Amino acid sequence: MRKLSSLRRVSCFGRRLMVVAVMGLGLTGHALATDVVTTYEDENGWKLLVNGEDFYIKGVVWGYTPRGENYTYNLWGESDDFIRKVLDYDFGLMKEANVNAIRSFAMIPPKWVTYVYEEHGIMTVINPLVGRYGYTVGGKWIPRTDYSDPLTRATLIKDTLEIIETYKDVPGVLMFALGNESNYGLEWSSFEIENLPEGEQHAAKARYLYSLFNEIMAAGKQIAPTKPQSIVNGDLQYIDLIDELCPALDVLGSNVYRGRGFTNLWEQVDQKLDLPVVFYEFGADAFNSREFREDQRSQAIFLRDQWQEMYNKAYGNGEEGNSIGAFVFEWRDEWWKYLQVENLDQQDTNASWANGGYTYDHVEGQNNMNEEWWGITALGTANRDGVFTARPRMAYDVLKEVWSLDPYTHKKTAFNQAINNIDMDLLGLKGEVRQLRSEADEKQKILFFTGGSLRAEYLTKGTERELDERGENGLEFSPGEMAFLDFGFQPTDNLEGQFTLNILGDVADKEPLEIAYGRRGFPVAVVIEQEPGGDEVILNTTADITDRERIEFYDFSATYRAKDFDLHTFYHVPRFHWGYEGDFFGLMWEATDLDGMDIWNSKAPEGIEIEGKDGWMKGLKVVAGPEVYWGANPKVMLKYENRLGKRTEYAVIHSEDIARRDEGTGSTGATQRQSRATTIYTKTQLTEGMSLELGGIIASSEKIDDPYTRLETSGGSSQVVLDEIDFEDTLGFKAKLSFPMLGGLAYVSASHAGLVADGGNPLREFGTRLPYTGLGAKREYDAGIMLNYGYWMLFPRVLYRDALVDPNLNLEPSIVGGVLNPGLSVRNRESDPFAILGNRDTRAAELFITYDPTGATPFYQWDNDYREDAKFAFNIGLNYTEYPTPTDSYQFFFEPTGVNAAFGVGLPAEDIWEASSRIVYNPNNQAKFIFNLAAGKLQSTGDPNGGSRDFQSLAGMAVLNKKHILSGYIKKDAFGPYDFHRQFNITYPEQYKLDYSILLDSKRDQKNSTQVGVKTLYRSVDENSPGGEFEDGENDYLFQTTVYFLYNFGGTPPPAPRD
Amino acid sequence: MSNRQIRQSNAGVNKLLVTVLGCATLLIAGCNEPDNNEGVVISSTPLPVDTILNLSCEDVGIFTETCVLDDPANPFIDTAIVEFDVNNEDAFNKFELANAIPAGPEGAKARVYFWATALARRPNGENQWYTARAFHELYDAQIQVTGFGDPIIQAQALRAYRSVLDNFFGSVTFFECCGNINPSGDPVPFSVPLNELTADHLYRTESTGWARLVPGDPLLTQSLLAEWGYTYQPATGPNFDNGIVSVNEG
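Residues numbered from 1 in each chain as written. Chains lettered and ligands numbered in written order. Predicted model: local features only at pLDDT ≥ 70, side-chain atom pairs only at ≥ 80, totals over all residues.

Below, the discussion takes up the overall build of chain A. Looking only at helices and strands, chain A has 17 helices and 49 strands in total. Radius of gyration (C-alpha) of chain A: 33 Å, near the 31 Å computed for a compact globule of 1059 residues. By its C-alpha atoms, chain A is 115 × 75 × 50 Å across when sized along the principal axes. In chain A, once contacts between residues fewer than 6 apart in sequence are set aside, the share between residues at least 24 apart is 64%. (Helix = DSSP H or I, 4+ residues; strand = E, 2+ residues; numbered from the N terminus. Rg over C-alpha atoms; globule rule 2.2 N^0.38 Å. Contact = placed C-beta atoms within 7 Å.)

Right, let's talk about the overall build of chain B for a bit. What chain B contains, in helices and strands, is seven helices and six strands. Walking chain B from its N terminus toward its C terminus, one meets helices and strands in the order α-β-β-α-α-α-α-β-β-α-α-β-β. By residue count, 35% of the 250 residues in chain B fall in the buried class. Long-range contacts, defined as pairs at least 24 residues apart, comprise 55% of the intrachain contacts of chain B with a sequence gap of at least 6. (Buried ≥ 20, exposed ≤ 12 C-beta atoms within 10 Å, placed from the backbone.)

The subject of this paragraph is the pairing of strand β6 (residues 123-126) of chain A. All names here are of chain A. Covered by surrounding structure in β6 are Met123 and Val125 together with Thr124 and Ile126, the residues of both alternating faces. As paired elements, strand β5 (residues 101-103) and β6 share three bridges and run parallel to each other. Each bridged residue has a counterpart across the sheet, and for Ala101 the counterpart in β6 is Met123. Assessed by its sense of winding, the connection that carries the chain from β5 through helix α3 (residues 110-120) to β6 is right-handed. For β6 and strand β9 (residues 173-178), the ladder comprises three bridges, and the chain directions are parallel. What sits directly across from Thr124, in β9, is Val173. (Pairing = 2+ DSSP bridges. Right-handed = clockwise from strand over helix to strand, strands pointing away.)

Right, let's get into helix α2 (residues 80-96) of chain A. Residue and element names in this part refer to chain A. Here α2 is 17 residues long and its end C-alpha atoms lie 23 Å apart, about the 24 Å a rise of 1.5 Å per residue gives. In this structure, the buried residues of α2 make contact with β4 (57-61), α3 and β17 (388-392). Phi for Asn98, located one or two positions after α2, is positive at around 70°. (Expected span 1.5 Å × (residues − 1).)

Right, let's get into the sheet that holds strand β1 (residues 37-42) of chain A. Residues and elements named next belong to chain A. Sheet architecture is open: three strands sit in the order β1-β2-β3, paired in antiparallel fashion. With partners counted over all chains shown, the strands left at the sheet margins are β1 and β3 (53-54), one partner each. In this structure, strand β2 (residues 45-50) lies alongside β3, joined through two bridges in antiparallel fashion. Directly across from Val50, in β3, lies its bridge partner Glu53.

The next thing to look at is helix α10 (residues 394-403) of chain A. Of all the 10 residues making up α10 of chain A, eight are buried; the element is thus mostly covered by neighbouring parts of the structure. Within α10 of chain A the residues assigned to the buried category are Met394, Ala395, Tyr396, Asp397, Val398, Leu399, Lys400 and Val402 of chain A.

Strands sit in the order β37(A)-β38(A)-β2(B) across an open sheet of three strands; the sheet is antiparallel. This sheet does not close on itself; its edge strands, each paired only once, are β37 (814-816) of chain A together with β2 (45-46) of chain B. Here strand β38 (residues 819-821) of chain A runs beside β2 of chain B; their pairing, made up of two bridges, is antiparallel. Bridge pairing in β2 of chain B places Leu820 of chain A opposite Thr45 of chain B.

It is worth spelling out the environment of Tyr571 of chain A at this point. All names here are of chain A. By the secondary structure assignment, Tyr571 is in strand β24 (residues 565-571). Each C-alpha atom of the pair Tyr571 and Asn100 lies 48 Å from the other, and the pair is 471 residues apart in sequence. Discounting chain neighbours no more than four positions away, the residues touching Tyr571 are Asp555, Phe556, Ser557, Lys603 and Glu606.

Let's shift gears to the pairing of strand β21 (residues 524-528) of chain A. Residue and element names in this part refer to chain A. Counting buried positions along β21 yields zero of five residues, so the element is predominantly exposed. Of the pairings in the sheet, the one linking β21 to strand β22 (residues 541-545) comprises five bridges and is antiparallel in character. Directly across from Ile528, in β22, lies its bridge partner Thr541.

Another aspect to go through is the packing of α2 of chain A against α3 of chain A. Residues and elements named next belong to chain A. Between α2 and α3, whose axes approach to 10 Å, the crossing angle comes to 45°. With respect to α3, the axis of α2 lies oblique. Remark: the crossing between α2 and α3 carries right-handed chirality. Across the interface between the two elements, Ile83, Leu87, Phe91, Gly92, Met94 and Lys95 of α2 pack against Trp112, Tyr115, Val116 and His120 of α3. Of the residues assigned to the contact of α2 with α3, the class counts are seven nonpolar, two polar and one charged. (Axes fitted to C-alpha atoms, helices over the stretch in contact; angles between N-to-C directions. Parallel < 35°, antiparallel > 145°, perpendicular 65-115°, else oblique. Left-handed = near helix turned anticlockwise from the far one by under 90°. Nonpolar A, V, L, I, M, F, W, Y, C, P; charged D, E, K, R; others polar.)

Here we come to the confidence of the model for chain A. Summing up the model confidence of chain A, the mean pLDDT is 90 and the portion of residues at 70 or higher is 94%. Scored below 50 in pLDDT, residues 1-32 of chain A shows 31 contacts in the model against residues more than four places distant or in partner chains. (pLDDT = per-residue confidence, 0-100.)

Val328 and Leu399 of chain A are the most contacted members of the largest nonpolar core, which has 103 residues in total. Non-local contacts of Leu399 of chain A, meaning those with residues more than four positions away in its chain, are made with Ala97, Leu303, Trp307, Val328 and Ile376 of chain A. (Core = buried A, V, L, I, M, F, W, Y, C linked by C-beta atoms within 7 Å.)

Moving on to the packing of helix α9 (residues 296-312) of chain A against α10 of chain A. Residues and elements named next belong to chain A. Relative to each other, α9 and α10 sit at 20°, their axes nearing to 8 Å. By the criterion of interaxial angle, the relationship of α9 to α10 is roughly parallel. Relative to α10, the crossing made by α9 is right-handed. Where α9 approaches α10, its residues Gln296, Arg297, Gln299, Ala300, Leu303, Arg304 and Trp307 are matched on the opposing element by Met394, Ala395, Val398, Leu399 and Val402. Split into classes, the residues belonging to the contact of α9 with α10 amount to eight nonpolar, two polar and two charged.

Set out below in structure tokens:
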């Protein structure tokens, strides 16, 4: 028996009246200012009408994400010309296949909604996500939307109604749909709900969700009476609540993944809601995870049968009659869906969830849903316009046939017969031929070329002294050429990878102003020994070798996918820390600064990783290699993480050096002694918003019994004490409590680390400059609170640290009367089991003030310069640090002897400070300005000679029309750009840079676009600068100008200079 | 709030308290800060005055062995032995400390430790030569004190001298001399090849005043040097600064 609320009946009746009125005015077709879209019901079922005409939705879920991009890509930020090319390409193909509507996750700007409607006749569902993936509420980004929160509800209602207001009269809008499987995202927590029995918790949350939807839809109807209101529900979950709480709902929208058919869905909707049904998502993936291959046929068969069922369920066919069409998920494969930020230029074949409805590749207990393979077209390469193409699959051709039929005008038997007569073999062959051709074009399976880049440059440089002495002849000129060629390989379906070759031509001699990748190709002078013959004296000769190492492997990575694990090999490709995977002590350093490594031709990170993903291996990671992060000793690392109940997670990590590296990090970074560490970590969610993290570490056990000295003072006299490392000195503990406070999120942390309980690289977040360290021999406390006020964030933090022992002083030894006072030497980490360096006594405080009205592009994300879309966003950071004690001695790697050398003296006690600001200004989508200002007083990281100096710097970049890029900096008394500059306390009175480039292609990417530019560097020198540049006062400055051309044909660009 | 809710709330607080207390206990238990009762005071270490030396290892005092740094009897393990800095001649250096070791037999053993330690820390010809001299002196001291020189020390001294020739043949050391010829009155530094000094110490008793390591006719010293692969043309008086050591061909 049909159940229909009176309100809904009135609504339906009212709309029918309105349509009649509009039709009576003779307003039909695209000439309408806005289309009138209504639902219609009689005893034969439901229909959707557009301007009074039947409209069975033959739709696709559409989006445009190029290879190498992910969800952050914004087509609408591109030029109009490029957008038009993309739309004409995609919607042209759609039109050819008889598509008449799309749904898109991205909010398509009104003018483009109208464009695709007018040019291609395709209508658009406007789909505000209503906080589905987090929302900015009260200026604060909330990742898990709390639909019960009054402010959240008010904000979502207001913002969504504004969207409806914006689109209500836009030609091409079909209807409005709210959320996206929002019933699956009820993840917020609250005491009120948590106290309910578990089974009732989600239903309680769902009530908030659906009541909110109804409020929006009811108000939306007042704003846009000519457009139906719908929701995007996950299947039919909470259908009773929908019936109870959503009287304003016009069309039930649902994402349905039930396999080849939809089982009893029609009947359920008919009985419980009596509403028309549209599928906002459904479909089948085109990858067969059982056979590990692209499977166009199974996808096409499923889609054919699904549409056939829908047609049969449409109006007038003697069944429920409530199907009004659907949107196939999806138009084109998206290569970012699996992992979302990794492997963006490769199509992952990982199945990430299981669904028994997809019988063609389902195996009990195994995943079979391949997120990156749902397109009815495959993501191809870029065409001449820079538009990434869509290679139609068999499903496209099958649906083209299906969509040529109309379930309303064709008789039921006719369309069924037509669908059954579709020549699947022919269309299957067509799809396979396309696939083979595409593969032949794009990749030869075993080894294929994927792209590359070519950089050519011409350098002019000189110094003040050379110009003074030799005039124009004092200038030096040198050309440089470099190419990168990228290759992929996929010899089997579960083994794939890539590598890049670097090829050098001439190498421009930019040093010392700029140290750049490619210096391996500099000429090398060698002495050629001559064979003595008789009594004749023959002198050795010298020669320059100019053609060495012209080709090298720049990077390499490969992945073998097995059932329970993935095996990755990595060679100079980015790798991330494990800070969010239970690595509380930072044992796994991040290795993403490849540009910084390239300066010194370092090939880190290098190794293999086994990543468990199923069965007993799930949660297990094993990494091993000669340099798994930059500067690492050859080592093996093992991590296991899992959960204990719902609220506690834990992780165990062991790191074991198996040798010691014999090269410094960079030019002079000291090597580390061979060591080991084991950590254990737990994180418990105590109450709402409150979590406790606990960790323990045992490190450097090989140093037990190692002697060390210290100075003890008592009663005014000092004595040198010789002690040994005990087991207790290898232990460390750390606790961190995070909790809500003053409307923000606060934390307090305490740690104690024994003398040799060294961890790795602590996690630093939100731009902090607090001098955290992983070294042991400390007792440390820190606290902070992140406060959000609207779009403002205040983040004060403090750090208090005491070293467990004082650094040693240099005291001369003496012998008096046959009695030895051995004196004391500053420690260093080579000769002593530990040293007091960054772990010295510290009292630090900082305040960061941030203004960012667009929380979805986090201001402190590493690529925010590129991503930030706020019109204006900035921060101000202030840091003040007191170091009341000196340090022991830092070390540097001395290449001629291949060992570490100590500076021999420590850094003095010092108070330092730094103030900085980053400003991002986007006045419109054709201009972007970024400024970085900093001033302060900083200490060297090694050599204390020369003391600390005040510095100021201003750096900026302007991007105009996404084509012209002007960047540069001005620095005064700042360290040079390379790590060794600060390590050896090298500063320059003035440093200037100016770089202008014009992008010549449509990629609009400063690093990856084909471009031509000119760059000038200038540095004045004084006694604090390198002796070879200052020349005892003979030289005042150095400068160089480089004219460069970069041609990028879809591959690895040259490393960004660090100048 | 219902009773059930109150109980749950209390349970949460209890859990929090237990966890925080556990955490605090862990932190306190881990506070292993060294205190004044730990370690050994080494500010006043009497130097050995005897002449009996048990070698730390077979090659102690011979480049490239560093076992002296692990010898618990070595008083200089924790002593900073600062090399002479030509750019800072007035800075404290190893010679000042070495000169403070008591002269004569009572300082001989300490000198072996001192120079062997210097050699282990900074392998160079000068430290090797002074180590050889120290062994030589200790051998002489043993004879002076007990009337008997330990043949092991004698052999070690010879090996140390040979190491100077084998490993640091071209090295020199510096002496100062003759302030009277310098207008400023400051001593004038001059360099002396260590190979010459080595051969001279072995060849001529007067050069050290210590017992001969190669007893008997000095020609035996030349024979020994020849065995080692060197030819020595002895220095002649009065200055004995014209000896020549050459490496035998083949």
